[in-house]
Amino acid sequence: ASEQRNKGMKMPMGYHKHCDKCYNVHCQVPVQTSVSCIVVKCHKNCGASLHMCKQEEHQLLCPNEIVPCLNVYYGCPLTMLRHRLAKHLEVCPASVVCCSQEWNRWPISETDLTFYRNISENPLVNTEENLDVALAYRDQEQLFQSIKMKNIFPELMLEDSALQNIAAGINSPADNASCSLDGGEYTENGSAKLDEELSQEERDTLAKCTDVTSIQNYSSWEKIFNKEKEGCKQTIKNLNKGEKGKEKEDQESSKNGVLERLGKEVNIAEYNMYLVHNGVMLINFGQLAACTPREKDFVYGSLEPIEVKSVRSFNVPTSYRAKRNHLKDPSRKAQTTHQSVDTSDLGISIEDLPKCEEVSTTLLCSLEKELKGHSISESVSTDGLYTDIGTQTYIFSSAPFKQDASLADVIAGKPCGLHLHIEAESVTRRHNKTSSAFSYMCGHYFRRDEYCFHFKNVHSDIQASLNGWFQQRCPLAYLGCTFTQMRFDPTGQEAIVKFSKDGSTLVLQPKANSSLCEVGKTFSPQRNDAQNLDPLSSLPLEIIQHIAGYLDSFTLSQLSQVSHLLREVCATLLQEKGMVSLKWEKKKHSSEGSSWICQKKVWKFSSQFSSVDRWSFSDTPSMSNHLGTCSFYQREDRTEPVALPCLGEVRDKHGKLKHKR
């Protein structure tokens, strides 16, 4: 109100001049219609006393006023008292955090093929319990989807049909003979005659027609032809301007300009140096043409022979030592010929040449570019005179590849083993993580109150200690043994750590009683009658809701997929234990522009399991028990005596001392 009064604006109804600046709780100013009003207390019982005309303004600050959540525009539907907003943000379903933990995983080398081949070929290896193998398979799937074959093997890609048609049209004999662009023919006087331009309605009709060949490439053609057409129009304008400006040039030729004076007064080196430093200024002031006119083009017929004089002003330093191959006598140099070398010199047909394996070859090329910054057999210039030209030919059974094909698309439907190391690196100096294909991010979303437990249990406790501490492998794994065992269990919980393929993350699986497993086997999900309900759905609804209140987010997400009844029960806990996010959709307008709109709100549970405060050693037997039966542990008994390395020296010293005596 005070700002409105200072700006000379009309005061709102109920405004009082005294109340605007009065902050006295015990104000005794007489009540007047246009000056003041009575002092009242807040009807929300927040303890504030104010003039009655300020009640509407006080609602914007009252701590007991019911207001929506601060994340109401991000999907949170809850309303609460204003003084509880800060506390609510810790458990707000719309306050979602994305885990940004990163790590690196590199392709396997040829020395470790035995172990990884056994893992890939052994069907008894349970990837859910082998945590390192399961995580490596997950990262490998992400890696194969991110590697684009176009970036690695551009020469083995299918050509775009639109580019093929355009190239065929440009290279046709008719077009080359007339030197036309977009249907135009240049005449002798430099003007061009363009074909009649299509109207917008005719273009729209042509675009909607399905009888035209390669109609899906219409938009690409239209963009390319429009650019060519604009270039032709601009060329015509420049030629017309050139004819008009010819008369001005004839008039200005009689003037003795600065360039003509410099050409007479200084030598050619100083003249060229002046043009280099002041060329932009000369062009702006019209003293120098930006482009050479057509009539002043360089013509070989008007040249006269000039005597060439060699000037040697450089003396070779006495400390210089030339390379040995540069000091040879050119007359005695061996005769050499330039000849291309390819696979045809092997005397084998192309069909009989061995095929490259897609995964290993692609990973090798990606790793070479990742660590060394260049492709395999890339051309390199050693100095200003010599260039090492490298060529590398790859033959794949699945080539050529589509333009947008990834490595995952190429090997789809084919058996693929593990090609990445089971050990992950958290820190590396060998590459830039921001643009690396071998860097992986967790990327899972959690509520703000769940993120700290996720990072501690999954990344700090399990993933960081997976190699040799949390999970122990056989010491003979380098020979090919795939045996592994877990060394830790969560304290106070009868559960084991497993990898969930559905959630693509590590979870806790309770150790279920055998009696419950027998009951679960009798349930057939193909029947929906009341007599075939799962054991949990047969309980009263109040008990089911009470049990669901103790479950974590990941268990609730799995429970909601059992039946419609359990899904409705889990839906009642979404605001308490779930999270909400906005699903955006790109909408194209009638014009060329587009915008993003919120399509709907998506409610779901995160992949966070029950938090684990402490871990304890499990009851698994010692690894020595496995070594007693390990097939890769082959003992070699030695019965013949073996002399220690130091015994020979002792004998020599003893013999010398005895000889001296």
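Preceding this section is the structure that the text describes.
Computed from a prediction, not measured in an experiment: that's the story for all the values here.

1. Observations concerning the overall build of the chain
A tally of helices and strands in the chain yields 22 helices and 20 strands. Split into buried and exposed, the 661 residues of the chain put 27% on the buried side. Taking the intrachain contacts of the chain between residues at least 6 apart in sequence as the baseline, contacts between residues at least 24 apart amount to 61%. As displayed, the chain has an accessible area near 48,500 Å², and 53% of this comes from carbon and sulfur atoms.

2. A word on helix α19 (residues 564–571)
Inspection of α19 places L566, V569 and C570 among the buried residues, and these make up the whole buried set. The buried residues of α19 occupy an angular sector of 95° when the element is viewed end-on, so they sit on one face. Those residues of α19 that are exposed and aimed more than 90 degrees away from the buried face are H564 and E568. If you follow the buried residues of α19, they end up packed against α17 (541–548), α18 (553–559) and α20 (574–577).

3. What about empty space enclosed by the protein?
Where empty space is left becomes clear once a probe the size of a water molecule has been rolled over the atoms. Per the stated rule, a full pass over the model turns up two cavities of 30 Å³ or more. There is about 60 Å³ of room inside the largest cavity. Lining the largest cavity are W103, L135, R138, C442, H444, H454, V458, H459, Q463, T505 and L506. Sorting the residues of the lining of the largest cavity by element identifies α5 (131–146), α15 (448–462) and β17 (505–510) as the ones contributing at least two each. In terms of residue count, the dominant contributor to the lining of the largest cavity is α15 (three residues).

4. So, the side chain of K498
Inspection of the secondary structure puts K498 in strand β16 (residues 495–500). Relative accessible area serves as the criterion here: at 12%, K498 is assigned to the buried category. Among the polar contacts listed, one links the side chain of K498 to the side chain of Q509, at a separation of 3.3 Å.

5. Considerations on the pairing of strand β19 (residues 594–604)
Put simply, side chains in a regular strand alternate between the two faces of the sheet. Note: strand β18 (residues 579–588) against β19, ten bridges, orientation antiparallel. Pairing of V580 across the sheet is with W603, part of β19. The antiparallel pairing of β18 with β19 creates a hairpin that spans five residues between the two strands.

6. Overview of the nonpolar core
Counting residues in each nonpolar core, the largest one holds 25 residues, and the members touching the most others are L143, F144, M149, F153, L363 and F401. Only α5, α13 (358–372) and α14 (407–410) provide two or more residues apiece to this core. Looking at this core element by element, the count peaks at three residues for α13. One finds L131, L135, A495 and L506 within the second-largest nonpolar core, a separate group that totals 17 residues.

7. Brief notes about the pairing of β16
Burial analysis of β16 places five of its six residues in the buried class, the great majority of the element. Where β16 meets β17, six bridges bridge the pair, whose relative direction is antiparallel. Bridging from a neighbouring strand, A495 pairs with P510 of β17. Hairpin geometry of β16 and β17 is characterised by an intervening segment of four residues between the two adjacent antiparallel strands and by a positive phi of about 55° at S504.

The rules we used
Residues numbered from 1 in each chain as written. Predicted model: local features only at pLDDT ≥ 70, side-chain atom pairs only at ≥ 80, totals over all residues. Heavy atoms only, no water. Helix = DSSP H or I, 4+ residues; strand = E, 2+ residues; numbered from the N terminus. Buried < 20%, exposed > 50% of the residue type's maximum accessible area, 1.4 Å probe, protein only. Contact = heavy atoms within 4.5 Å. Areas by Shrake-Rupley, 256 points an atom, 1.4 Å probe, with all protein chains shown as cover. Arc of directions from axis to C-beta. 1 Å grid on protein atoms, 1.4 Å probe; cavity = no way out; pocket = protein on both sides within 12 Å on 5 of 7 lines; lining within 4 Å. Points joined across faces, edges and corners; volume = space filled by probe spheres on them. Polar contact = N/O pair within 3.5 Å; in protein donor to acceptor, adjacent residues only side chain to side chain. Pairing = 2+ DSSP bridges. Core = buried A, V, L, I, M, F, W, Y, C linked by side-chain atoms within 4.5 Å.

Any functional reading would require information beyond the geometric quantities listed.
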